[in-house]
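Survey of secondary and tertiary structure
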Amino acid sequence: QVQLVESGGGLVHAGGSLRLSCAASGRTFSNYAMGWFRQAPGAEREFVAGIRWTGTATSYADSVKGRFTISRDNAKNTVYLQMNNLKPEDTAVYYCGTTRVPYTFYLRPTGYDYWGQGTQVTVSS
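To start, this report covers the structure provided alongside it. (Residues numbered from 1 in each chain as written. Predicted model: local features only at pLDDT ≥ 70, side-chain atom pairs only at ≥ 80, totals over all residues. Heavy atoms only, no water.)

**Details of the overall build of the protein**
Looking only at helices and strands, the protein has zero helices and eleven strands in total. For the protein, the succession of helices and strands along the chain, N to C, is β-β-β-β-β-β-β-β-β-β-β. Expected size for 125 residues packed as a compact globule is a radius of gyration near 14 Å; at 13 Å, the protein falls within 12% of this value. Principal axes of the C-alpha set define a box for the protein whose edges measure 40 × 30 × 25 Å. A buried classification covers 42% of the 125 residues belonging to the protein. Taking as baseline every contact in the protein between residues at least 6 positions apart, the subset at least 24 positions apart corresponds to 58%. Accessible surface, the protein as shown: approximately 6200 Å² in total, 48% of it carbon and sulfur. (Helix = DSSP H or I, 4+ residues; strand = E, 2+ residues; numbered from the N terminus. Rg over C-alpha atoms; globule rule 2.2 N^0.38 Å. Buried < 20%, exposed > 50% of the residue type's maximum accessible area, 1.4 Å probe, protein only. Contact = heavy atoms within 4.5 Å. Areas by Shrake-Rupley, 256 points an atom, 1.4 Å probe, with all protein chains shown as cover.)

So this is what it looks like as structure tokens:
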């Protein structure tokens, strides 16, 4: 059974930093792209960042480019999201997901079949 467990959320002032982690089990982690998404109250889940299975290629939403960095450690089955210069509009529940199909990358949440439980990130102004 595939499980994704996120950690690292919290409350931070604008301009601050947080690092999210997502530990995966139950699947050959290194065969799958991983993504971070977020969902604010009343909004749809949106793509934040994604990383290919080898970790050599990444993608970011325009709103976080230059501030967030996604990385992965395939030896530890873990993906990370380093978030710097946080803004109040980054406030949301953040989810990590693993793609439905190995060796394939998706920007849409429908391309992901397993999700973590979510971790709250709150940025105060």
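There's plenty left to go through after this.
**What about the state of the cysteines?**
Using the criterion set out here, one finds one disulfide in the structure. One disulfide in the model links C22 with C96; its S-S distance is 2.0 Å. Note on the C22 and C96 pair: the S-S dihedral is about 60 degrees, so by sign convention the disulfide is right-handed. With C22 in strand 3 (residues 18-25) and C96 in strand 9 (residues 92-99), this residue pair connects regions lying 74 residues apart in the sequence. (Disulfide = S-S within 2.5 Å.)

**Notes on the nonpolar core**
Formed by 31 residues in total, the largest nonpolar core has its most connected members in W36, L81, M83 and Y94. Listing elements by their share of this core, those giving two or more residues are strand 3, strand 4 (34-39), strand 5 (46-51), strand 7 (68-73), strand 8 (78-83), strand 9 and strand 11 (119-124). Here Y94 is in contact with E6, L20, W36, F37, R38, V48, F68, L81, M83, G118, T119 and V121, once residues within four sequence places are set aside. (Core = buried A, V, L, I, M, F, W, Y, C linked by side-chain atoms within 4.5 Å.)

**Structural notes on the sheet that holds strand 1 (residues 3-7)**
What the four strands build is an open sheet, ordered 1-3-8-7; its pairing is antiparallel. Looking at which strands have only one partner, the edges of the open sheet turn out to be strand 1 and strand 7. Across the sheet, the mean angle from the axis of one strand to that of its neighbour is 15 degrees, orientation sign disregarded. Taken together, the six bridges between strand 7 and strand 8 define a ladder with antiparallel strand orientation. Within strand 8, the residue paired with T69 across the bridge is Q82. (Pairing = 2+ DSSP bridges. Axes fitted to C-alpha atoms, helices over the stretch in contact; angles between N-to-C directions.)

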